[in-house]
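Remarks on the overall topology
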Amino acid sequence: MIGAGDRAWRATTGLAAAVIPAALLLVTVVLVVGAWPALADAGPGLVASRTWDPGRGTFGAGAALVGTLLTSLLAVLVAAPLGVATAVVTVELAGPRLSRVLAALSDLLAAVPSIVYGLWGAAVLVPLLRSELFPRLKPLGRVIPLLAGPAYGPSLLAAALLLALMILPYVTAVSREVIAAVPRSQREAALALGATRWEMLRDAVLPGARHGILGGVALALGRALGETMAVTMVIGNRHDLSWSLLSPGYTLSSLLANEFGEASGDRHLAALMAVALLLLVVTLLVNAVARGLVRSVRSGRSSLEVAR
Amino acid sequence: MTQGRLSTVGLTVAFGDRTALRDVSLVVPPRAITAVMGPSGCGKTTLLRAVNRLDDGVPGMVRTGEVRLGDEEVTAPATDVAGLRRRVGMVFQRWNPFPRSVFENVAYGPRLAGLRDLADLRGVVESSLRKAALWEEVRDRLDADARTLSGGQQQRLCIARALANAPEVLLLDEPCSALDPGATRRIEELLFELRADLTIILVTHNLQQAARASDYTAYLDAGRLVEVAPTRLLFTNPQDPRTEAYLTGRVA
Ligand SMILES: Nc1ncnc2c1ncn2[C@@H]1O[C@H](COP(=O)(O)OP(=O)(O)O)[C@@H](O)[C@H]1O
Ligand SMILES: [Mg+2]
């Protein structure tokens, strides 16, 4: 017999489960409807062009799209090794006391509000880059186009570094967990064969934690893509698409944050809706790819476990 | 010749306020199988892990007394622990191959030791697998993931992996406790072959196994070495009432 409590439980959980896809669908529909005029009007120019001039009614978000992808990827490239290294130190090398402190500090980084990161970035990081790092990169810039050109401070690089700092705690927390979850028997297998602690890490711990670390990095990438406030404050907000990381740029989310409140007319608003739709699609795509990556690595392993 | 001569002198190991081994002085004869038996928690595993110093990092572990291997004091602070562990192989209760190929599992130790040449590695892998009586079963699947082997095969793979370091001593911690009788017998037979040039310590809480598969037997109780004697002698004529109680099943 199914009691009333059971039925209520099922109804509640069913409803809860339906809320998420429904919300996603609703958001998508609203965006598509809102963006439709711009999509019909500008078409592929929306992403292909980098001229964004609401005054003249030209809406090309190409620079912002590239800026979003570039800053996020770069942030992950910086944060991933740093986060894994932090996790290794926390779990494997530090004593229990230091380990607790490191974990707490790293978790604290995740709790800092985005706007505070933004302020710190604008007040400390950007001036620091301008006066210390950029002058030193100048000679390199003659050889590496990525580091070329005049540099004022607000830049793709500043945004990427700030993002790296912001996603670092996510990479670290996940890595910490999966590293700690590598069974003791695997560590001892390596140690008992004469591995040093470092060799044990390299050969038994990190390979065992690989899938989980990848998942953490994917999660972090998702966060980086959507981050808005802090990036807006350090990226320079210019629809530029130069080769250099030292030059100012834009991201899709900063574009929305800057212009949505004061959109000048229906076409401008529609274009911003299209940008939001683009951001949604990019985020979903990246997440799907990341998930697929994690799953493919994982299933390579589980198929073996089944075979046993 | 001192190769493989293992002994402990007044070995005491404590974890925090819990003493796992008390004043154990034991001479383990080379080229023989010494069984170590005793009730659960009596310190058998701790004894093995003192020999290859695998408990070194355990918080609160305090060890006094000595473990000697050949002329060397294993427990000295200056001992090269990684080097020691190459001389002293260990096989665990639950087989723990790496999630890699059969070949890579066996080649791991030699690779760590710096062996790079593939032909040399192949040679070591084959001879180690032969010694572990596993070669015929896996010669065609050296590239298969080790975890696709049966439990008994995986445990023999772990033995082969330890043998690849050409150790003087082989420590086995209840290696058959999760295996069926057939797989157990194969490992016991294999140990008989291996003792020709190895010092073997076989921890077991299975009396029949100790009786069947060892030359000497040591009985531990509550962290103390109660007695050690040639296996047949210990089983037929135990000197200590505690040993006798254990043998006759009056101890859990
Ligand atoms: N790493 C450890 N930390 C704390 N206590 C331990 C540890 N290892 C062993 N002990 C304790 O030492 C005693 C002996 O354990 P062990 O050597 O594993 O016994 P056996 O292998 O004979 O069952 C037990 O009381 C056990 O709880
Ligand atoms: Mg034990």
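Throughout what follows, the structure given in this document is the object of discussion. Just so we're clear, the structure is a prediction, and the values are computed from it rather than from any experiment.

1. With respect to the overall build of chain A
- Helix and strand counts for chain A come out as 11 helices and 2 strands.
- Each helix and strand of chain A, placed in order from N terminus to C terminus, yields the pattern α-α-β-β-α-α-α-α-α-α-α-α-α.
- Expressed as lengths along the three principal axes of its C-alpha atoms, the size of chain A is roughly 75 × 70 × 35 Å.
- In chain A, which comprises 308 residues, the share counted as buried stands at 39%.

2. Some thoughts on the overall build of chain B
- A tally of regular secondary structure across chain B gives 10 helices and 10 strands.
- For chain B, whose C-alpha radius of gyration is 18 Å, the value lies close to the compact-globule estimate of 18 Å for 252 residues.
- Considered along the principal axes of its C-alpha atoms, chain B spans approximately 55 × 40 × 35 Å.
- Relative to its 252 residues, chain B shows a buried fraction of 45%.
- Long-range pairs, those at least 24 residues apart, make up 68% of the contacts in chain B between residues at least 6 apart in sequence.

3. A closer look at the site of ligand 1
- Ligand 1 sits among F15, R18, A20, G38, S40, G41, C42, G43, K44, T45, T46 and V58 of chain B.
- Elements that contribute at least two residues to the shell around ligand 1 include exactly β2 (18-28) and α1 (44-51) of chain B.

4. Quick notes on the sheet that holds strand β1 (residues 6-15) of chain B
Residue and element names in this part refer to chain B.
- Spatial ordering of the open sheet is given by β2-β1-β4-β5, a layout of 4 strands whose pairing is antiparallel. Edge strands, defined here as strands with exactly one partner in the open sheet, are β2 and β5 (72-73).
- With 7 bridges joining them, β1 and β2 adopt antiparallel strand pairing. Paired with L11 across the two strands is V24, which belongs to β2.

5. Quick notes on the interface of chain B and chain A
- Contacts between chain B and chain A engage 20 residues on the former and 15 residues on the latter.
- Contributing elements (two or more residues each) for the side of chain B that touches chain A: α2 (81-87) and α3 (102-112) of chain B.
- Classifying every residue of the side of chain B that touches chain A gives 8 nonpolar, 6 polar and 6 charged.

6. Digging into the environment of P248 of chain A
Residues and elements named next belong to chain A.
- Along the chain, the position of P248 falls in the loop between α9 (229-234) and α10 (252-259).
- The exposure class of P248 is buried, given the 23 C-beta atoms found within 10 Å.
- In this structure the C-alpha to C-alpha distance between P248 and I235, which are 13 residues apart in sequence, comes to 5.6 Å.
- For P248, the contacting residues outside a window of four places in its chain are P154, S155, I235, G236, N237, R238 and D240.

7. Quick look at the sheet that holds strand β8 (residues 199-203) of chain B
All names here are of chain B.
- Ordered by their spatial adjacency, 6 strands build an open sheet running β6-β7-β8-β3-β9-β10, and the pairing between neighbours is mixed. On the outer flanks of this sheet lie β6 (88-91) and β10 (224-230), each paired with one strand and no other. Averaged over all pairs of adjacent strands, the angle between their axes in this sheet comes to 15 degrees, without regard to strand direction.
- Two elements, strand β3 (residues 32-37) and β8, share 5 bridges in a ladder whose sense is parallel. Considered in β8, the bridge of A35 is made with L202.

8. Let's talk about the pairing of strand β4 (residues 61-69) of chain B
Residue and element names in this part refer to chain B.
- Where β1 meets β4, 8 bridges bridge the pair, whose relative direction is antiparallel. Note on β4: the bridge partner recorded for T12 is T64.
- Bridge analysis of β4 against β5 gives 2 bridges, and the strand direction is antiparallel. Bridged to L69 within β5 is E72.

9. What about the packing of helix α7 (residues 184-192) of chain A against helix α8 (residues 197-226) of chain A?
Residue and element names in this part refer to chain A.
- In the contact formed by α7 and α8, the axes pass within 9 Å of each other and the chain directions differ by 155 degrees. When the interaxial angle is binned, α7 and α8 end up roughly antiparallel. When you trace α7 past α8, the crossing you get is right-handed. Listed contacts from α8 to Q186, R187, A189, A190 and L191 of α7 are E199, M200, D203, A204, V205 and G208.
- Classifying every residue of the contact of α7 with α8 by side-chain character gives 6 nonpolar, 2 polar and 3 charged.

10. What about the pairing of β3 of chain B?
Residue and element names in this part refer to chain B.
- Extensive coverage of β3 is indicated by the burial of 5 of its 6 residues.
- Two elements, β3 and strand β9 (residues 216-221), share 4 bridges in a ladder whose sense is parallel. Residue pairing for β9: T34 is matched across the bridge by Y216.

11. Focus on the nonpolar core
All names here are of chain A.
- By size, the foremost hydrophobic cluster in this structure holds 147 residues, and its most contacted members are L162, I167 and V275.
- Counting residues per element, this core draws most heavily on helix α6 (residues 156-181), at 19 residues.
- If we skip the residues at most four places from it in the chain, I167 touches A75, A79, A220, R223 and A224.

Criteria and cut-off values
Here the residue numbers are simple positions, counted from 1 along each chain's written sequence. All chains are assigned letters beginning with A, and all ligands numbers beginning with 1, in the order in which they are written. Only residues with pLDDT of at least 70 are given local features in this predicted model, and only at 80 or more are side-chain atom pairs given and counted; all residues enter the totals for whole chains, interfaces and linings. Put simply, DSSP H or I for four residues or longer makes a helix, DSSP E for two residues or longer makes a strand, and each gets a number counted from the N terminus. As a rule, residues whose C-beta atom has 12 or fewer other C-beta atoms within 10 Å are exposed, those with 20 or more are buried, and those in between are partly exposed; C-beta atoms are placed from the backbone. Just to be clear, the radius of gyration here is over C-alpha atoms, and the globule rule we use is 2.2 Å times residues to the power 0.38. By definition, residue pairs are in contact when their C-beta atoms, positioned from the backbone, come within 7 Å. Throughout this description, a residue near a molecule or strand is one whose C-beta atom, derived from the backbone, lies within 6 Å of it. Should DSSP find at least two bridges between two strands, the strands are taken to pair. In this count, Pro and Cys sit with the nonpolar residues alongside Ala, Val, Leu, Ile, Met, Phe, Trp and Tyr, while Asp, Glu, Lys and Arg are called charged and the others, Gly among them, polar. To get an axis, fit a line to the C-alpha atoms, keeping to the stretch in contact for a helix; angles then go from 0 to 180 degrees between the N-to-C directions. We call two directions roughly parallel when the angle between them is under 35 degrees, roughly antiparallel when it is over 145, roughly perpendicular when it lies between 65 and 115, and oblique otherwise. Note on convention: the crossing is left-handed when the near helix lies turned anticlockwise from the far helix by less than a right angle, right-handed when the turn is clockwise. Working definition: the nonpolar core is a set of buried Ala, Val, Leu, Ile, Met, Phe, Trp, Tyr and Cys residues, joined through C-beta atoms within 7 Å.

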